[in-house]
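In case you want the letters, here they are:
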Amino acid sequence: MEAQAPGRPWKRALAWLALLGPFFYASYGFANAMAARRADVPSIVFGWEQAMPFLAWTIVPYWTTNLFYAISPFLCRDRRELDTHCLRLLSVQVLAVSCFLLWPLAFSFERPASDGVFGGMFAALEGFDRPYNQAPSLHIAITVVLWTRYVKALHGAWRWLLHGWFVLVCASVLTTFQHHFIDIPTGLAAGWLCVWLWPERIVAPWRGARLAADPARWRLAVLYAAAAAACAAVATLAGGGWLWLWWPAFSLALVAGNYAWFGAAGFQKRDDGRLSTAARWLYAPYLAAAWINSRAWTYRRPAPVEVADGIWLGRTPGRADRDRFTVVDVCAELSLPGGARPGDRVVPMLDLVAPSPSALREAAAAIADVRPRGQVLVCCALGYSRSALAVAAWLLASGRAQDADAAFARVRAARPEVVLREGHRRALLAAQAAPATALAAEAAS
C-alpha cells in the first residue's frame, strides 16, 4: 500500500494564529501608547504629498489585509512551510515595533471626515490605531510576507488579480491618510528582510554563519561597510530625493555582512541558478552595479574559451549563449539568465576571495560530473577568477595537470586575463588534499 500523504497542519495553523493575533494588537498598541507619551513625535513628509488625494473607498483594500493575514496560515501545505511563513510574520512584527519604540514618527495630515460604510470602517480602525509609528509601515511589511505566501497558491489570472490587489493595498496606505511616503520603502525593506531571514527553498543565511577567518574577506567587508556608511551619510545629510541612497546603503551593508559573516549563502542563490526574490529586492542596487561591471570588464572579450577536453571558461552567459553548453556556475551574486537548465550545476562562491577547499572540491566534482553531457561552460561574473580556479581544480584532480602551477599555467594559456594569486593557490592545494570521488574515478578512467 502507498503511504498516505500527510494533510495540511490545520491545528498548528490555528495555534500560530492564536499566538500571532493577540501579539499583533498587544505589541502595536504598546508601541502606540509609548509614542503618545512623548512630547514631540516628528514627521517625515515630502512637499508633493500635500497633493495626495484622500480616497475613502480605499479603506476597503486596506482592511482586506486582515482577512489575507487570517487565512494565510491555512494555505501552507506542511509544517515547515507553515512555520517559515509564521516566523516571517512574527519577525516583521518584532522588527517594526522595535523601530516604533526607538524612533517613532507621526502622521501629520488631518484626515477628512467620511460617513456611511467607509466611515464605519475608519471608525473601527481608529479604535486601536493612532497616528504614530509610521516607518517602517507594518501594513506594507506584512503585505510583502503575505504576497510571498499567496503567490505560490494562485496561478494564471488569479495570480495577476492578486498582484493588482496588493498594489492597491500598498497604495491605500497613502490614500487613506494612514502613512506618509517614507513609510512605504522602509516597509518594503522590513518585509523583504524578514523573508530573506526565513527562506523556503534554501538554507537560512544565519544558520551556517560564522565570522570569516580570511583577512581578504575582512578587508572587503570593511570596504563595503564604508561605502554603505558613505551612502547613508549623504542620504541623511542631503535629504529629499537623496534619501533613496539608503537603498544602496542597506544593500552594501548586507554585502559587507556576507564577507564578514554569512558567506556566499547570504546572496541566497538556489540550485535553479536564481537568487531568491527577497535577495533580488534587498541587493538590487549592488546587483545592478555588479552586472554592469561584469559586462564592462569583459566587453572586448565576451566569448568563452576552451581550456581542455570540452571544458570552457567564461563570464556569466546571456540567454543566447546557453544552448551550446551545460553550465557549472560558481558566481554567488548574479542570477543565471533563464535559470539553471537540466544538468546545470550551481556552486556559489564569493567574489574577489579564495573559496573554501570544500566549495572548490564541489565545483571540480560538478565539472567532472557533467562533462559526459558535452561542452561545459564554467562561469562566474567575469570568468577571470572563481571559475578559473574551479577549472584549475578540475585539471589537477583529474590528472590533466601535475601540480597547481601547471594547472594555473594551462588556464592562463587559454585566458591570459585570469587573476589567480597565492591565496587561490593555497585553496587549490587544500582542495587537492581530499579529492572528490567523482574526480578520482575520472582520473583512473
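Everything that follows concerns the structure shown earlier in this document.
All of the points below concern the structure found in this document. Residue indices follow the written sequence of each chain, beginning from 1 at its first position. Thresholds applied to this predicted model are a pLDDT of at least 70 for local features of residues and 80 or more for the giving and counting of side-chain atom pairs; totals over whole chains, interfaces and linings are not thresholded and use all residues. Computation of side-chain values covers all heavy atoms of the structure but excludes hydrogens and water.

### Some details on the packing of helix 2 (residues 59-71) against helix 4 (residues 116-126)
Here is step 1: Here an angle of 0 to 180 degrees is reported between the N-to-C directions of two axes, which are lines fitted to C-alpha atoms, with helices fitted over the stretch in contact. Each helix is a run of DSSP H or I of at least 4 residues and each strand a run of E of at least 2, with the numbering of both proceeding from the N terminus. As a packed pair, helix 2 and helix 4 sit with axes 10 Å apart at the nearest point and diverge in direction by 45°. Comparing their axes, helix 4 and helix 2 come out oblique. When the axes of helix 2 and helix 4 are compared, the crossing they make is left-handed. Judged by residue contacts, Ile59, Val60, Tyr62 and Trp63 of helix 2 engage Phe118, Met121, Phe122, Ala124 and Leu125 from helix 4.
Here is step 2: Amino acid classes used here: Ala, Val, Leu, Ile, Met, Phe, Trp, Tyr, Cys and Pro are nonpolar; Asp, Glu, Lys and Arg are charged; the rest, including Gly, are polar. Its residues placed into classes, the contact of helix 2 with helix 4 shows 9 nonpolar, no polar and no charged. Throughout this description, any angle smaller than 35 degrees is read as roughly parallel, any larger than 145 degrees as roughly antiparallel, any in the 65 to 115 degree range as roughly perpendicular, and the remainder as oblique. If you view the pair so one helix is near and one far, a crossing is left-handed when the near helix is turned anticlockwise from the far one by less than a right angle, and right-handed when it is turned clockwise. Note on contacts: a residue pair is in contact if any heavy atoms of the two residues lie within 4.5 Å.

### Re the sheet that holds strand 2 (residues 311-315)
Here is step 1: Here, a strand pair is defined by DSSP locating no fewer than two bridges between the strands. One open sheet accounts for 5 strands, arranged 1-2-5-3-4; its pairing is mixed. Of all strands in the sheet, those with a lone pairing partner are strand 1 (305-308) and strand 4 (345-349), marking the two edges. On average, each strand axis in the sheet is tilted by 25° relative to the strand beside it, whichever way the strands run.
Here is step 2: As defined by bridge partners, strand 3 (residues 326-331) adjoins strand 5 (residues 376-380) across 4 bridges and the pair is classed as parallel.

### Section: unusual backbone geometry
Here is step 1: Note that the residue after Ala135, namely Pro136, is joined by a cis bond; omega there is 0°.
Here is step 2: By the element assignment, Pro136 lies in the loop between helix 4 and helix 5 (138-153).
Here is step 3: Located in the positive-phi region is Gln268, a residue other than glycine, with phi close to 55°.
Here is step 4: Locating Gln268 in the fold gives a position in the loop between helix 9 (246-262) and helix 10 (277-282).
Here is step 5: Here's how the labels work: a residue is buried when its accessible area is under 20% of the maximum for its type, exposed when over 50%, partly exposed in between, all with a 1.4 Å probe on protein chains only. A relative accessible area of 1% places Gln268 in the buried class.
Here is step 6: One non-glycine residue with positive phi stands out, namely Leu352, at about 70°.
Here is step 7: With respect to the helices and strands, Leu352 occurs in the loop between strand 4 and helix 12 (357-370).

### Re a nonpolar patch on the surface
Here is step 1: Distance thresholds for patches are 9 Å for like charges and 5 Å for nonpolar side chains (Val, Leu, Ile, Met, Phe, Trp, Tyr), applied to residues having over 30% relative accessible area and no salt bridge. Computed with the Shrake-Rupley method and a 1.4 Å probe, the accessible areas treat only the protein chains shown as cover for residues. Only one rule defines a salt bridge in this text: a Lys or Arg side-chain nitrogen within 4 Å of an Asp or Glu carboxyl oxygen. Among the surface-exposed residues, Leu55, Trp57, Val60, Val117 and Phe118 lie close enough to one another that they form a single nonpolar patch of about 420 Å² accessible area.
Here is step 2: Considering the arrangement of structural elements, one finds Phe118 in helix 4.
Here is step 3: Overall, Phe118 belongs to the partly exposed group, its relative accessible area being 31%.

### Things to note about the environment of Leu82
Here is step 1: Mapped onto the secondary structure, Leu82 falls in helix 3 (residues 79-102).
Here is step 2: Between the alpha carbons of Leu82 and Gly127 there is a distance of 31 Å; along the sequence they are 45 residues apart.
Here is step 3: The residues touching Leu82, leaving out its near neighbours within four places in the chain, are Pro9, Arg12, Ala13, Trp16, Pro73 and Cys76.

### Digging into the pairing of strand 3
Here is step 1: Counting buried positions along strand 3 yields 6 of 6 residues, so the element is predominantly enclosed.
Here is step 2: Taking every second residue as pointing to the same face, both faces of strand 3 are buried, with Thr326, Val328 and Val330 on one and Val327, Asp329 and Cys331 on the other.
Here is step 3: Two elements, strand 3 and strand 4, share 3 bridges in a ladder whose sense is parallel. Bridge pairing in strand 4 links Val328 to Arg345.

### Section: the state of the cysteines
Here is step 1: The disulfide criterion is simple: two cysteine sulfur atoms within 2.5 Å. Scanning all chains against the criterion turns up 0 disulfides.
Here is step 2: Free of any disulfide, Cys170 has its nearest cysteine sulfur in Cys194, 15 Å distant.
Here is step 3: In this structure Cys380 is not part of a disulfide, and its nearest cysteine sulfur, from Cys331, lies 6.5 Å away.
Here is step 4: The buried category is assigned to Cys380, whose relative accessible area is 2%.

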